[in-house]
Amino acid sequence: MFPAGAESLLHQAREIQEEELQRFCFRVCKLLQEDLGPATVDALQRLFLIVAATKYPRRLEKTCVDLLQATLSLPTCPEQLQVLSAAILREMSPSDGLTLSCDHNRSSQQLSLVASVLLAQGDRKEEVRSVGQRVLTILESRQPEGASLRPLLPILAKVVGLAPGTLQEDQITLLSKRLVDWLRYASVQQGVPHPGGFFSTPRARQPGPITEVDGTVASDFFTVLSTGQHFTEDQWLNAQAFSMLHAWLLLRGPTGMGTPDTDDKSELEGSTLSVFSAASTAGRQLPPRERLREVAFEYCQRLIEQSNRRALRKGDSDLQKACLVEAVRVLDVLCRQDPSFLYRALSCLKALHERLGADPGSERALVPLAQFFLNHGEAAAVDSEAIYQHVFSRLPSERFHNPMLAFEVVRFCRDNLPVSGPRLLGLLKQSFPNLLKFLAWNSPPLTAEFVALLPALVDSGTAVEMLHALLDLPCLTAALDLQLRSSPRPHERPLWDASLRVPHCLEAFRDPHFQPLFQYLLRTEACGSAERLTPLHQLLQPMASCARVAQCAAAVPTLLRAFFSAVTQVAVGPLTNQLALLLLERSDALYPAPQYEARVHRVLSSEFLALCRLKPSLVLEQAKELLAFVGNVGSIQSRADVFTSVVWAVGEYLSVACDRRCTVELINRFFEALEALLFEVTQLRPSADLPRCPPQAITVLMTTLTKLASRSQDLIPRVSLFLSKMRTLAQGPATSAGHGDEAAEAIRTRATELRNLLRMPSVAQFVLTPSTEVCQPRYHRDSNTALPLALRLVSRLVEKESGLQPG
């Protein structure tokens, strides 16, 4: 969210119409031609806000675009105006009106700005190749005094990522050598400050040595974690080189572009790694790319050593953690490309894991560390389960409120699904209640990740418990909020909604009577059983208005669809029946968040029908439970969507065609229960205690009764009489007043159609209970088969009721 002032400016920029924009462009053109002072800077800032504030591209006059390009290419133009001109041109990209070229730029700063505009064009005219060649030409040449290469490295990294094939072999060798120099041989003396000031003296400007983050003088080569008051050019290049090292190594590895410059060392993989591999490179001159790997390995080892020092400033402490993550990622790439590094890296990484377990602020490094041991643990004969346990147990429980960590852990799980062995996959399934804490607290950004992850976590052993957990996800969010509020550890700022006061919920969270329920809800591992959390639903109802709980509740329907899409692949036999009954049970036991029940009911109703299609005999096998469900008039009011789906499934699948065990007695029992229910909700005297039945449920009840009667023809007279009463009732003022004229007309029409259909019992059975062969798609395409003829005949008979009268 932006501050109120910024929001107002953005709103004004978006509201500017085309006419007003063109007038403003005319003013900008005059300023660019006459005066390159503060007024021009202010005008360009306003123009940038206008073109950047909308999602669609703004169109500027060609004269304005040409003047912006001229300003960007002018060597004597102030840097601030060039930066603004480049920013405006980037926002307009891609554009056919650009005539920029990077061939004649004098300074590296100007070249970087022009290159950023050209790269934003999308390589429509091979801009990426031309930019890359120009930057590499400058790197190859000798730089004049005072020139800086710093602005060019980010451009080069972008070029390498967009079009790696543009680099030639000699250019690759050159860049590898330059990276080695920048990483290993940067100065260990601080930079000289700019002269100026009354008290500045030559003695005061003498540079001192570079220090470590703990204040001691650096005893080894310069790295990004070295500190000082001023830095030299090569020290800045050192930091930039490290920032692009991971991407460059990935690109230049054995699977990257070009051919590898090392022999295949796959025979080193295994438990027989030789200690001599650590010193095998000491006595010979290495090729540039091998030398870069060796220097990168030394650099990462030094970063790991520096990260163990106690930083004096918080900013340095945060930088230590970020560099530790990057160092482990680079070591992972190095060991994949050259297994001889693996033996040398193992000892320091094992020690790093032990240290991270005691340092509560360095959790993010655990994820790349787990990735390293997942990739190399088998080759190094190392048991990595302790690291996985740390990632899947402690991190979700203690750091669920860290959004970056949550994303990285979930992405680690998702990305490694194809290579996960049985042990890791089993650990993931066992830890799914803990992983759901990440989702409960960070649902908007993690929903898509969990949709992709769910199929791997669902099996016959976890399906039931996971369905309970997904339905209780908003309740878990509320419980995590209370856990943070009750935490003794102080936070710099509240991680919860401080405007929401819930003293009664906090008391309940600390109450020993409710502790078992909260402990179950906040469990770290799957337990194979389910607890009814209805008491917690009532206790935590005051937190339903919390924005984070509402966001989580909105994500649950999407997660449920993904869950059922996955579970239908593994649900067989009893599990299908168990899930169907669980849907009915939980449809009346949901956390009372706003609109949550209605959204979940819509999903549960459609998924119940999907389970019935998967296993049509489900209706007969669970007949007792379904009879109890449809016989309860309260089901209509509290869960109308689910009730309607169950009634429809009874009419569709309770037949001999779906299960030969179906009997007339069972059909009669369902018929009597549904008939009594329909009579109660439509024809009894209205009462305040009697729930209002939705029109869709009434029409489905009538249709299901007709279907059952067509399978037990002794019931046809009763249904016909009932449908006649329903048609008469639908024409009365009470129905129109209660449901509306349109709904009353739909009820009357359906009652008339069904009653007319029952006058021809054989046709009714053919239409309402078609055989499997009739349901095949070809019958709906072939006009010469019997089904289309029968449907047209029945339609005409239904429309012309008088034609069905005898005589």
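Residues numbered from 1 in each chain as written. Predicted model: local features only at pLDDT ≥ 70, side-chain atom pairs only at ≥ 80, totals over all residues. Heavy atoms only, no water.

Q: If you had to explain the overall build of the chain to someone new, which residues and values would you point to?
A: Check the secondary structure of the chain and you find 39 helices and zero strands. Each of the 807 residues in the chain was classed as buried or not, and the buried ones make up 51%. (Helix = DSSP H or I, 4+ residues; strand = E, 2+ residues; numbered from the N terminus. Buried < 20%, exposed > 50% of the residue type's maximum accessible area, 1.4 Å probe, protein only.)

Q: Would you mind going over helix 36 (residues 741-758) in detail, with residue names and values included?
A: For helix 36, which comprises 18 residues, the first-to-last C-alpha distance of 26 Å matches the rise-based estimate of 26 Å (1.5 Å per residue) to within 8%. Turning to helix 36, its buried residues are A743, A744, I747, A751, T752, L754, R755, N756, L757 and L758. (Expected span 1.5 Å × (residues − 1).)

Q: Before we move on, could you go through unusual backbone geometry and cite the residues and values that matter?
A: A cis amide bond links S93 to the next residue, P94, at an omega of -5 degrees. Assignment of secondary structure puts P94 in the loop between helix 5 (79-92) and helix 6 (108-119). One non-glycine residue, Q595, adopts positive backbone phi at about 65 degrees. Position of Q595 relative to the elements: it lies in the loop between helix 26 (574-586) and helix 27 (596-614).

Q: Could you give an account of helix 17 (residues 422-430), with specific residues and numbers?
A: Buried residues of helix 17: L424, L427, L428 and K429, and no others. Those residues of helix 17 hidden inside the fold are in contact with helix 14 (366-376), helix 15 (385-399), helix 16 (403-415), helix 18 (432-441) and helix 19 (443-457). (Contact = heavy atoms within 4.5 Å.)

Q: Could you give an account of the side chain of K437, with specific residues and numbers?
A: Position of K437 relative to the elements: it lies in helix 18. The buried charged residue K437 lacks any salt bridge partner; its closest oppositely charged side chain belongs to E398, at an N-O distance of 9.7 Å. Apart from the residues lying within four places of it in its own chain, the contact partners of K437 are P396, S397, F400, L476, L480, L522, R523 and T524. (Lys, Arg positive; Asp, Glu negative; His and termini not counted. Salt bridge = Lys/Arg side-chain N within 4 Å of Asp/Glu carboxyl O.)

Q: Which residues make up the pattern of salt bridges, and what values go with them?
A: Overall, the coordinates contain 33 salt bridges when judged by the stated rule. Taking the shortest distance from any N to any O, the salt bridge between K314 and D318 comes out at 3.0 Å. Taken together, the positions of K314 and D318, both in helix 12 (residues 314-337) and four residues apart, correspond to about one turn of that helix. For K314, a relative accessible area of 53% gives the class exposed. As a salt-bridge pair, R423 and E385 come within 2.2 Å of each other at their nearest N and O atoms. Separated by 38 residues along the polypeptide, R423 in helix 17 and E385 in helix 15 bring together distant segments of the chain. R423 sits in the exposed class, given a relative accessible area of 58%. When salt bridges with common partners are traced through the structure, they connect E212, D214, R302, E305 and R309 into a single cluster.

Q: Give me the packing of helix 18 against helix 20 (residues 463-471): which residues, what numbers.
A: Where helix 18 contacts helix 20, the axes come no closer than 11 Å and their chain directions differ by 25 degrees. Classified by the angle between their axes, helix 18 and helix 20 sit roughly parallel to one another. In terms of crossing hand, the pair formed by helix 18 and helix 20 is right-handed. Contact with helix 18, carried on its side by F432, P433 and L436, involves E465, M466, A469 and L470 of helix 20 and no other residues of that element. Class assignment of the residues belonging to the contact of helix 18 with helix 20 gives a composition of six nonpolar, no polar and one charged. (Axes fitted to C-alpha atoms, helices over the stretch in contact; angles between N-to-C directions. Parallel < 35°, antiparallel > 145°, perpendicular 65-115°, else oblique. Left-handed = near helix turned anticlockwise from the far one by under 90°. Nonpolar A, V, L, I, M, F, W, Y, C, P; charged D, E, K, R; others polar.)

Q: Before we move on, can you summarise the packing of helix 21 (residues 473-485) against helix 25 (residues 547-567) with the specific residues and values?
A: The N-to-C vectors of helix 21 and helix 25 enclose an angle of 150 degrees; their axes lie 8 Å apart at closest approach. In terms of axis orientation, helix 21 runs roughly antiparallel to helix 25. Between helix 21 and helix 25 lies a crossing of right-handed hand. Facing helix 21, whose interface residues are L473, P474, T477 and A478, helix 25 presents R548, V549, C552, A553, V556 and L559.

Q: Help me get a handle on the packing of aromatic side chains, residues and values and all.
A: Within the structure shown, the criterion is met by 12 aromatic pairs. With centroids separated by 6.4 Å and ring planes inclined at 40 degrees, the aromatic side chains of F392 and F412 adopt a geometry described as tilted. Placement of F392 in helix 15 and of F412 in helix 16 is noted, with a sequence separation of 20 residues between them. Consider the rings of F400 and W441, whose centres lie 5.5 Å apart with planes at 75 degrees: the pair is edge-to-face. Of the two residues, F400 is situated in the loop between helix 15 and helix 16 and W441 in helix 18; the sequence distance between them amounts to 41 residues. Residue W441 is classed as buried on the basis of its relative accessible area of 3%. Following the ring pairs from residue to residue traces out a cluster consisting of F221, F242 and Y299. Directly above the aromatic system of F221 lies the positively charged group of R302, at a separation of 5.7 Å from the ring centroid. Over the face of the ring belonging to Y520 we find R523, whose NZ or CZ atom lies 4.1 Å from the ring centre. (Phe/Tyr/Trp six-rings, centres within 6.5 Å; stacked < 30°, edge-to-face > 60°. Lys NZ or Arg CZ within 6 Å of the ring centre and 35° of its normal.)

Q: Can you break down the state of the cysteines residue by residue, with the values?
A: When the sulfur atoms of two cysteines share a covalent bond, that bond is a disulfide. Under the counting rule described, the total for this entry stands at zero disulfides. Unpaired in this structure, C25 has its nearest cysteine sulfur neighbour in C64, at a distance of 4.3 Å. Assessed through its relative accessible area of 1%, C25 is described here as buried. Between C323, a free cysteine, and C300, which holds the nearest cysteine sulfur, the sulfur-to-sulfur gap is 9.9 Å. (Disulfide = S-S within 2.5 Å.)

Q: So, the environment of R411: which residues are in play, and what are the values?
A: Mapped onto the elements, R411 comes out in helix 16. On the accessibility criterion, R411 (29% relative accessible area) is partly exposed. Sequence-wise, R411 and L446 are 35 residues apart; in three dimensions their C-alpha atoms are separated by 9.2 Å.

Q: Give a detailed account of the environment of L575, specifying residues and quantitative values.
A: When you line up the elements, L575 lands in helix 26. Taking the C-alpha atoms as reference, L575 lies 9.4 Å from G461; in sequence the two are 114 residues apart. Non-local contacts of L575, meaning those with residues more than four positions away in its chain, are made with S460, A463, V464 and V570.

Q: Can you tell me about the nonpolar core, naming the residues and giving the values?
A: Judged by nonpolar contacts, the single largest core of 252 residues is most densely connected at L47, L60, L349, F392, F563 and Y591. At 12 residues, helix 25 tops the list of elements feeding residues into this core. In contact with L47, not counting residues within four places along its chain, are L21, F24, C25, V28, L60, C64 and I88. (Core = buried A, V, L, I, M, F, W, Y, C linked by side-chain atoms within 4.5 Å.)

Q: Describe in detail the side chain of E675, supporting the description with residues and values.
A: Following the sequence through the fold, E675 ends up in helix 32 (residues 664-682). Under the relative-accessibility criterion, E675 is labelled buried at 15%. Contact partners of E675, with chain neighbours within four places excluded, come to L705, R718 and F722.

Q: Before we move on, could you go through the confidence of the model for the chain and cite the residues and values that matter?
A: Confidence along the chain averages 83 in pLDDT terms, with 85% of residues attaining 70 or more. Note that residues 255-283 has pLDDT below 50 and, in this model, 39 contacts with residues that lie over four places away or in other chains. (pLDDT = per-residue confidence, 0-100.)

Q: So, the environment of T534: which residues are in play, and what are the values?
A: Along the chain, T534 falls in helix 24 (residues 534-539). On the basis of relative accessible area, T534 is assigned to the partly exposed category, the value being 29%. Note: C-alpha distance between T534 and R586 (52 residues apart in sequence) is 10.0 Å.

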